[in-house]
Amino acid sequence: MAINSDNVEGKLNEFGGKVEGAFGDVTGDTKSQVSGKVEELKGKAQDAFGKAKDKVGEWADNAPESVQRAKETASRYASEGVERAKTVVQDQPVAVLAGGIALGFLIGWLVSGRRD
């Protein structure tokens, strides 16, 4: 995983917030405690944002390969479907013809609008 500026700044802010919070704990300064916790959470959020940016970049980098694999798979399934259809037509031409005629009548009936 690549390290980007958001990861680095986030970790630094988180560490700085922990230090400030610890200082507030030692001195009893509530304002430093709260400010340190806020800075720590800000750092964690910034680091998480940096990790999300890295992940999106990885997905974008892998997109062309994923698209190519999907295209190849779809092409293979289409070829297999065509071959299966050819086999059915060659093995059972009368059944396919009867099915085609029935489908034609059904479409004609649906398109005509008459339901009597």
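Small disclaimer: the values here were computed from a predicted structure and weren't measured.

Side note on the overall build of the protein
- From N to C terminus, the protein includes three helices and zero strands.
- Along the protein, helices and strands appear, N-terminal first, in the series α-α-α.
- Radius of gyration (C-alpha) of the protein: 33 Å, far over the 13 Å computed for a compact globule of 116 residues.
- Of the contacts made within the protein by residues no fewer than 6 positions apart, 62% connect residues no fewer than 24 positions apart.
- Surface summary for the protein: the accessible area is close to 9,000 Å², and the carbon and sulfur share equals 64%.
- Computing the positive centroid from 16 side-chain charges and the negative centroid from 18, the protein places the two 6 Å apart.

Basis of the calculations
Sequence order sets the numbering: in each chain, residues are counted from 1 along the sequence as written. At least 70 in pLDDT is required for a residue's local features to be given in this predicted model, at least 80 for side-chain atom pairs to be given and counted, and no such filter applies to totals for whole chains, interfaces and linings, which use all residues. In computing side-chain values, all of the structure's heavy atoms are included and hydrogens and water are not. Runs of E in the DSSP output that reach at least two residues are strands. Runs of H or I that reach at least four are helices, and both are numbered from the N terminus. Each radius of gyration reported is based on C-alpha atoms, and the globular scaling rule is 2.2 Å times the count of residues to the power 0.38. It only takes one pair of heavy atoms within 4.5 Å for two residues to be counted as in contact. We get accessible surface area from the Shrake-Rupley algorithm with a probe of 1.4 Å; when it comes to residues, only the shown protein chains can shield them. In this tally, Lys and Arg are treated as positive and Asp and Glu as negative; His is ignored, and so are the chain termini. For charged residues, the charge sits on one atom: NZ in Lys, CZ in Arg, CG in Asp, CD in Glu.

Honestly, it's all geometry; don't read function into it.
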